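# Secondary and tertiary structure notes
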Amino acid sequence: MSTSAFVQIRRDLHQIPEPGFQEVKTQRYILDYLNSLPQERMQIKTWRTGVLVRVSGTNPQRTIAWRTDMDGLPIYEETSYPFRSLHEGYMHACGHDMHMAIALGLLTHFVHHPISDDLLFVFQPAEEGPGGAEPMMQSEEFAAWRPDCIFALHIAPEYPVGHIATKPGILFANTSELFVDLLGKGGHAAFPHKTNDMVVAASHLVTQLQSVVARNIDPLDSAVITIGKIVGGTKQNIIAEKGRLEGTIRTFSMESMIRVKGRIEALVKGIEAGFECSAEIDYGCGYCQVYNEESLTEAFMEWVQDACPDITLIHCSEAMTGEDFGYFLSEIPGFLFWLGVNTPFGLHHAKIEPNEEAIDVAIRTVSRYFVWLSSQPIKA
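Below: a short report on this structure. Predicted model, so just to flag it, every value in this text is computed and none were measured. (Residues numbered from 1 in each chain as written. Predicted model: local features only at pLDDT ≥ 70, side-chain atom pairs only at ≥ 80, totals over all residues. Heavy atoms only, no water.)

### Focus on the nonpolar core
By size, the foremost hydrophobic cluster in this structure holds 64 residues, and its most contacted members are L34, W66, L107, F121, F123, F151 and F370. With ten residues, helix α3 (residues 96-112) is the single largest residue contributor to this core. Once you skip the residues sitting within four places of it in the chain, F370 turns out to touch I64, A65, W66, F110, I115, L119 and F151. Core analysis: the next-biggest nonpolar cluster, separate from the first, contains 31 residues, A133, C285, Y287 and C316 among them. (Core = buried A, V, L, I, M, F, W, Y, C linked by side-chain atoms within 4.5 Å. Buried < 20%, exposed > 50% of the residue type's maximum accessible area, 1.4 Å probe, protein only. Helix = DSSP H or I, 4+ residues; strand = E, 2+ residues; numbered from the N terminus. Contact = heavy atoms within 4.5 Å.)

### Points about the packing of α3 against helix α10 (residues 357-374)
At a minimum axis distance of 9 Å, the contact between α3 and α10 shows a crossing angle of 45°. It follows that α3 is oblique to α10 by the angle criterion. Here α3 and α10 pass one another in a crossing that is right-handed. Facing α3, whose interface residues are M98, A101, I102, G105, L106, H109 and F110, α10 presents A358, I359, A362, I363, V366, S367, F370 and V371. A per-class count over the contact of α3 with α10 returns twelve nonpolar, three polar and no charged. (Axes fitted to C-alpha atoms, helices over the stretch in contact; angles between N-to-C directions. Parallel < 35°, antiparallel > 145°, perpendicular 65-115°, else oblique. Left-handed = near helix turned anticlockwise from the far one by under 90°. Nonpolar A, V, L, I, M, F, W, Y, C, P; charged D, E, K, R; others polar.)

### Some details on the pattern of salt bridges
Under the defined criterion, the tally for this structure stands at 15 salt bridges. When the shortest N-O distance is used, the salt bridge between E356 and R11 registers 2.7 Å. Taken as a pair, E356 in the loop between β17 (334-340) and α10 and R11 in helix α1 (residues 3-14) lie far apart in primary sequence, 345 residues in all. (Salt bridge = Lys/Arg side-chain N within 4 Å of Asp/Glu carboxyl O.)

### Notes on α3
Taking 1.5 Å as the rise per residue, α3 with 17 residues should run 24 Å; its terminal C-alpha atoms sit 24 Å apart, in good agreement. Counting buried positions over the 17 residues of α3 gives 15, a clear majority of the element. (Expected span 1.5 Å × (residues − 1).)

### Considering the sheet that holds strand β3 (residues 63-69)
Spatial ordering of the open sheet is given by β1-β2-β4-β3-β5-β17-β6-β16, a layout of eight strands whose pairing is mixed. Every interior strand has two partners, whereas the edge strands, β1 (42-47) and β16 (312-315), have only one. The average undirected angle you get between the axes of adjacent strands in this sheet is 25°. Where strand β5 (residues 149-156) meets β17, seven bridges bridge the pair, whose relative direction is parallel. Among the inter-strand pairings, A152 is bridged to a residue of β17, identified as L336. Helix α8 (residues 294-307) rests against β5, β6 (163-166), β16 and β17 of the sheet, and its axis sits at about 40° to β17. (Pairing = 2+ DSSP bridges.)

### Description of the packing of aromatic side chains
Counting across every chain of the model gives 21 aromatic pairs. Measuring from centroid to centroid gives 6.5 Å for W66 and F337, while their planes differ by 50°, and the two rings are tilted. Pair noted here: W66 is in strand β3 and F337 is in strand β17, with a separation of 271 residues, a long-range link. Both residues of the pair, W66 and F337, belong to the buried class. The structure contains a cluster of three or more aromatic residues connected by ring pairs, namely W66, F110, F151, F300, W303, F335, F337, Y369, F370 and W372. Looking at K45, its charged tip hangs above the ring of W145, at a distance of 4.8 Å from the centre. (Phe/Tyr/Trp six-rings, centres within 6.5 Å; stacked < 30°, edge-to-face > 60°. Lys NZ or Arg CZ within 6 Å of the ring centre and 35° of its normal.)

### Section: unusual backbone geometry
With omega at 5°, the peptide bond leading from G129 into P130 counts as cis. The phi dihedral of F21 is positive, around 65°, even though this residue is not glycine. Along the chain, the position of F21 falls in the loop between α1 and α2 (24-35). Despite not being glycine, R48 has its phi angle at roughly 50°, a positive value.

### Some details on the side chain of E77
Within the fold, E77 resides in the loop between β3 and α3. Buried E77, no salt bridge; nearest opposite-charge side chain is R84, N-O distance 4.6 Å. A polar contact is formed between the side chain of E77 and the backbone nitrogen of S85, at a distance of 2.8 Å. Leave out the neighbours within four places in its chain, and E77 touches H14, R84, S85, M91 and A350. (Lys, Arg positive; Asp, Glu negative; His and termini not counted. Polar contact = N/O pair within 3.5 Å; in protein donor to acceptor, adjacent residues only side chain to side chain.)

Taken by themselves, the reported measurements are silent on function.
Laid out in structure tokens, this is it:
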């Protein structure tokens, strides 16, 4: 199939973004496409709203896996596209539509041009939350086809098309959601002494949280606490009975994640005592770090430099980005790399418009890499 076919697939998928574990239309689209391909070398399994596809090799010694994510984000789209989201309030603002089109392009290539090793294509739901990688790995379906190595990419708005970026070791951070609910006693604004104001309590807590990274984390380590949303109050002359903070925690080491959570819990207890209220903490879903296996990543980077004159390789720094692909890498050797898509708007932005020429770049580069990888001897 031509590259334009996978651009169209990307556009079709862009119109049907769905929340995690609700990717019903997306799964149906993928299955319909798979059923249009020659079936001789393919085996297909579904897991919840995800899809697993094995493409048989000619003389398999191992299974090489490629993973893509599937879900969209709760964002009102503001692009100039004629193929904007048909699901109001949801958008593929993190590139998962491009990721899926690339995966289908790779799969299609190897259905028609098999290599010696088996290939596993993992269409994983719920990357944006509540997290699909960890439960998918624990499933019987994945266990039956468990690969020997696994790879993925993520679009990068800041890099030009034709550029890819990665590094051995840690690439993305450990992450955790953070929700804090405060409950006090509301009342009339004229009688503050008869209430426990949760807007004031929440404000104090936000300020105190900023001290955790500054004063409790080794300055040679890295951590982030961001409160992105505060909810409290109903009217300007009513003292709020309830307050809610919503945010995220990101660290490069698990030790720092444990330390940050411990300090948050201590500060929340202080708020309870200081404002005579009660509080609950919910860490929501959390993702472990994306850690690129050193030898595979270094070999890939050397291969790109030697075999891909059309690609500019960047040895990038680690980022505080979160990605549940890290769960796969915690048990299976592999790596993730950034794919340049050259757009001024960042990930999760309502106006992001990735350059679709990157789809061909990814399909061409990864397919050549898998051919090369399959020719390499398996290390004992």
